[in-house]
Amino acid sequence: QQPTLEEQTIVDKPSYSKIAKQVADHYNTRPQFGIEKRQESTIFHLRAFNNWIKSVLIGRHTDRNDKVLDMGCGKGGDLRKWQKVNIRELVGMDIAQVSVEQAQDRYEKMRNPGFKARFYSQDCYGRPLTDTIQPKDYKANIVSLQFCMHYAFETEVKVRQMLQNVSNHLEIGGRFVGTIPDCYWMVKKLRSLKGDQLEWSNSVYKVRFEQKSKYPVFGHKYWFTLKDALDDCPEYLVHFPTFIKLAREYGMELLYRTPSHQYYMETISTPQLNNLKGQNYRNLLFRMNVIDEMGRGPSPDEWEVTGLYLAFAFKKVRHWSSS
Ligand code: SAM
């Protein structure tokens, strides 16, 4: 039985928590691989597929001249995707200072990016963005949280702070888009484990839960390992009905939540989605090396990991203000 929101006790203050520091350290100490090293990686096609999903999501919701806020931009892996859709401006933020510096560097090395960008190191789920963002009333047309929002689900306080930050800096009519692990997929997998088993894995990833007797809405922690990427990093399940309910409180309504494999199938099999704003997403699968020139795509083990994620999109429909 899931506890209701009202039954949740808020125990922590919105501060730079121990877990947030652990997550920041994790990403700060990850080596940056060059293109050759990335091509040799056992998760090469998995990364390519996740990049393709982000390209589709970004392409679907972004218009020429849009302003973008990326709350968890990492090393700037999405810069080219934003360039492709002709945005006007990007504000990139991340808790990991080293990643932010790498994103800034990557931007500076782009030839004719076609958009302005600035980057800030900031805990986007534990603090108001107004701590750092300039101007303080910055408003974007798109707020993007790619493969990072689940870190906010440590507590209700953090989720609310994250949603306040999104809504405060999003225009009415603007989109809030992201990718996160699919809690239904994860819980189904956890429940299918025999006896007191709490972990599962294949050759590229491992998920380890701490318990399976309770399913709290916030703070349902697991440890995630992904070959060549993450080593036992603490993460949290995103209870999607709670996410929808809270997002509504901050003036945002769900457009869709679609598991990655379904998103892929829908995109390539629906002509209006496959050919959008001058892009052909089926061809992009080849250009982005999801399928390489030898016809190789993600291995079965990589494919299992890609299926763990979902894509979501919300629209800001109402004004929301903290005052
Ligand atoms: N969005 C990037 C991408 O798709 O390439 C990076 C994804 S990486 C898997 C997750 C990112 O979330 C890391 O860069 C991490 O530092 C960032 N992150 C985690 N907690 C955060 C927080 N509280 N505030 C801002 N960024 C955070």
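Just so we're clear, the structure is a prediction, and the values are computed from it rather than from any experiment.

Participant: Tell me what's going on with the overall build of the protein, and back it up with residues and numbers.
Facilitator: Along its length, the protein carries 12 helices and 13 strands. In terms of overall size, the protein behaves like a compact globule, its C-alpha atoms giving a radius of gyration of 19 Å where 323 residues would be expected to give roughly 20 Å. C-alpha atoms of the protein, sized along the principal axes, occupy 50 × 50 × 40 Å. The contacts in the protein between residues at least 6 apart in sequence include a share of 73% that link residues at least 24 apart. For the protein, the computed accessible surface area is about 15100 Å², with 50% contributed by carbon and sulfur atoms. Put simply, the protein has 47 plus and 37 minus side-chain charges, and the middle of one group is 3 Å from the middle of the other.

Participant: Describe the site of the ligand, naming the residues involved and giving the relevant values.
Facilitator: Close contacts around the ligand come from 17 residues, with Lys-54, Gly-72, Asp-94, Asp-123 and Gln-146 the closest. With respect to the ligand, the backbone of Ile-95 contributes an N or O atom lying 3.2 Å from a nitrogen atom. Within the backbone of Cys-124, an N or O atom sits 2.9 Å from a nitrogen atom of the ligand. Protein contacts shield 88% of the accessible area of the ligand, which totals 590 Å² for the unbound molecule.

Participant: Residues and numbers for the pattern of salt bridges, please.
Facilitator: Taken as a whole and assessed by the stated rule, the structure comprises 17 salt bridges. For Glu-304, the salt bridge is made with Lys-189, and the minimal N-O distance between the two is 3.7 Å. Remark: Lys-189 occurs in helix α7 (residues 183-191) and Glu-304 occurs in helix α12 (residues 300-306); sequence separation between them is 115 residues. With a shortest N-O distance of 3.0 Å, Arg-296 and Asp-292 are connected by a salt bridge. By sharing partners, the salt bridges in this structure join Lys-54, Asp-78 and Lys-81 into a single network.

Participant: Can you lay out helix α8 (residues 240-249) for me, pointing to particular residues and giving the numbers?
Facilitator: Phe-240, Thr-242, Phe-243, Leu-246 and Ala-247 are the residues of α8 that are buried. Mapping the buried residues of α8 onto a view down its axis gives an arc of 150°, with all of them on the same face. Where α8 is buried, its residues touch α6 (156-168), β5 (170-181), α7, β10 (252-259) and β13 (309-316). Residue Gly-251 follows α8 closely and has a positive phi angle near 85°.

Participant: Before we move on, could you go through unusual backbone geometry and cite the residues and values that matter?
Facilitator: Of note, the amide linkage connecting Gln-134 to Pro-135 takes the cis form, showing an omega dihedral of -10°. Positionally, Pro-135 belongs in the loop between β3 (116-121) and β4 (140-146). Positive phi outside glycine occurs at Phe-147, with the angle close to 55°. Within the element layout of this structure, Phe-147 appears in the loop between β4 and α6. Backbone geometry places Lys-277, a non-glycine residue, at a positive phi of 45°.

Participant: Summarise the sheet that holds strand β6 (residues 199-201); cite the residues concerned and give the values.
Facilitator: Whether parallel or antiparallel, the strands of a sheet pair through hydrogen bonds between backbone atoms. Strands sit in the order β6-β7-β8-β9 across an open sheet of four strands; the sheet is antiparallel. Because the sheet does not close on itself, it has two edges, and the strands there are β6 and β9 (230-236). The average angle at which neighbouring strand axes cross in this sheet is 15°, direction not considered. Sheet analysis places strand β7 (residues 205-209) next to strand β8 (residues 221-226), joined by five bridges and oriented antiparallel. Along β8, the bridge assignment pairs Arg-208 with Trp-223.

Rules of the game
Residues numbered from 1 in each chain as written. Predicted model: local features only at pLDDT ≥ 70, side-chain atom pairs only at ≥ 80, totals over all residues. Heavy atoms only, no water. Helix = DSSP H or I, 4+ residues; strand = E, 2+ residues; numbered from the N terminus. Rg over C-alpha atoms; globule rule 2.2 N^0.38 Å. Contact = heavy atoms within 4.5 Å. Areas by Shrake-Rupley, 256 points an atom, 1.4 Å probe, with all protein chains shown as cover. Lys, Arg positive; Asp, Glu negative; His and termini not counted. Charge placed at Lys NZ, Arg CZ, Asp CG, Glu CD. Near = heavy atom within 4 Å. Polar contact = N/O pair within 3.5 Å; in protein donor to acceptor, adjacent residues only side chain to side chain. Salt bridge = Lys/Arg side-chain N within 4 Å of Asp/Glu carboxyl O. Buried < 20%, exposed > 50% of the residue type's maximum accessible area, 1.4 Å probe, protein only. Arc of directions from axis to C-beta. Pairing = 2+ DSSP bridges. Axes fitted to C-alpha atoms, helices over the stretch in contact; angles between N-to-C directions.

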